[in-house]
Amino acid sequence: MSKTTPTTKKEFRKRRHARVRARAIGTESRPRLSVFRSSTHIYAQVINDELGATLANADSRSFEKKKPMDAAVEVGKMIATEAKKKGIEKVVFDRGGFEYAGRVKALADSARDNGLIF
């Protein structure tokens, strides 16, 4: 194995995330919806990369003992609501190097159902 080959799950995810971020760039007209999934919570941010500013954010830390999938759906609703309050309808989805399945997919579907376009 070469020295540049990732050996841990975290290193593999970072490499995948770099590939995703090479294509997903948030602009003023179409900011980036970034998702981070930890073992216990899920976080979402709407980011304008040109300004380096977070326009809206939501996370599952405020929920009382929800199942992970239900929390992801709620975070999707919250981020869509926050973005629409700020006048944002179209975003670029950044899955953060995570597989588009499970909680990440649930969050994305919920955000779409609540008015975000991506």
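This is a predicted model, so every value here is computed, not measured.

1. A closer look at the overall build of the protein
Then, in step 1: Across its full length, the protein holds three helices and four strands.
Then, in step 2: Going residue by residue from the N terminus, the α and β elements of the protein occur as α-β-β-β-α-β-α.
Then, in step 3: By the compact-globule yardstick of 13 Å for 118 residues, the protein fits well, its C-alpha radius of gyration being 15 Å.
Then, in step 4: Dimensions of the protein, computed from the C-alpha atoms along their principal axes, are close to 50 × 35 × 20 Å.
Then, in step 5: Residues counted as buried form 36% of the 118 residues belonging to the protein.
Then, in step 6: Summarising the internal contacts of the protein: among those between residues at least 6 apart in sequence, 56% fall at separations of at least 24.
Then, in step 7: If you sum the accessible surface of the protein, you get close to 7400 Å²; carbon and sulfur atoms cover 50% of it.
Then, in step 8: In the protein, the 26 positive side-chain charges and the 14 negative ones have mean positions that sit 7 Å from each other.

2. Considerations on helix α3 (residues 103-113)
Then, in step 1: Where α3 is concerned, the buried positions are Arg 103, Val 104, Ala 106, Leu 107, Ala 108, Ser 110 and Ala 111.
Then, in step 2: In this structure, the buried residues of α3 make contact with β1 (32-37), β2 (42-48), α2 (68-85) and β4 (92-94).
Then, in step 3: Just beyond α3, the residue with positive phi is Gly 115, at close to 115°.

3. A short note on the sheet that holds β4
Within a beta sheet, neighbouring strands are joined by backbone hydrogen bonds and run either parallel or antiparallel to one another.
Then, in step 1: Taken in spatial order, the four strands line up as β3-β2-β1-β4 in an open sheet, and their pairing is mixed. Strands with a single pairing partner mark the edges of an open sheet, and in this sheet they are β3 (53-59) and β4. Going from strand to strand, the sheet's axes swing by 20° on average, the running direction of each strand aside.
Then, in step 2: Pairing of β2 with β3 involves six bridges; the strand directions are antiparallel. Paired with Ile 47 across the bridge in β3 is Thr 54.
Then, in step 3: Where α2 meets the sheet, it contacts β1, β2 and β3, and its direction lies at approximately 145° from that of β3.

4. Examining the confidence of the model for the protein
Predicted coordinates in areas of low pLDDT are best not read in detail.
Then, in step 1: Per-residue confidence for the protein gives a mean pLDDT of 93, with 97% of residues at or over 70.
Then, in step 2: The least confident element of the protein is helix α1 (residues 9-23), whose mean pLDDT is 89; the most confident is α3, at 98.

5. Some thoughts on the packing of aromatic side chains
Then, in step 1: Here the structure, examined in full by the defined rule, presents four aromatic pairs.
Then, in step 2: Between the aromatic rings of Phe 93 and Tyr 100, the centroid separation amounts to 6.0 Å while the plane-to-plane angle is 85°, which identifies the pairing as edge-to-face.
Then, in step 3: Residue classification places Phe 93 among the buried positions, given a relative accessible area of 18%.
Then, in step 4: When the ring of Phe 93 is compared with that of Phe 118, the centres are 5.1 Å apart and the planes differ by 10°; the resulting orientation is stacked. On the criterion of sequence distance, the pair formed by Phe 93 in strand β4 and Phe 118 in the segment after α3 is long-range, its members being 25 residues apart.
Then, in step 5: Among the residues examined, Phe 118 registers a relative accessible area of 22% and is labelled partly exposed.
Then, in step 6: These aromatic residues form a ring-pair network of at least three members: Phe 36, Tyr 43 and Phe 98.
Then, in step 7: Here the guanidinium or amino end of Lys 66 rests over the ring plane of Phe 63, the centre of that ring lying 5.6 Å away.

Criteria and thresholds
- Think of each chain on its own: its residues are numbered from 1, step by step along the sequence as written.
- Residues qualify for local features only when their pLDDT is at least 70, as the model is predicted, and side-chain atom pairs are given and counted only at 80 or more; totals for whole chains, interfaces and linings, by contrast, use all residues.
- Note that the side-chain values use all heavy atoms of the structure and ignore hydrogens as well as water.
- Helix and strand labels come from DSSP, where a helix needs a run of H or I of at least four residues and a strand needs a run of E of at least two; each type is numbered from the N terminus.
- Both definitions apply: the radius of gyration is a C-alpha atom measure, and the globule rule equals 2.2 Å times residues to the power 0.38.
- Whether a residue is buried, partly exposed or exposed follows from its accessible area with a 1.4 Å probe, protein chains only, as a fraction of its type maximum: under 20%, in between, or over 50%, in that order.
- We call two residues contacting when some pair of their heavy atoms lies within 4.5 Å.
- Residue-level accessible areas treat just the shown protein chains as cover; the underlying method is Shrake-Rupley with a 1.4 Å probe.
- His is not counted here, nor are the chain ends, while Lys and Arg score as positive and Asp and Glu score as negative.
- Where a charge lies is defined by one atom per residue type, namely NZ (Lys), CZ (Arg), CG (Asp) and CD (Glu).
- One bridge is not enough; two strands pair if DSSP finds at least two bridges between them.
- To get an axis, fit a line to the C-alpha atoms, keeping to the stretch in contact for a helix; angles then go from 0 to 180 degrees between the N-to-C directions.
- Per-residue confidence from the prediction method is given by pLDDT, with values spanning 0 to 100.
- Note on aromatic contacts: the rings of Phe and Tyr and the six-membered ring of Trp form a pair at centre separations within 6.5 Å, being stacked when their planes are under 30 degrees apart, edge-to-face when over 60 apart, and tilted otherwise.
- Two limits define a charge over a ring: the Lys NZ or Arg CZ must be within 6 Å of the ring centre, and within 35 degrees of the ring normal.

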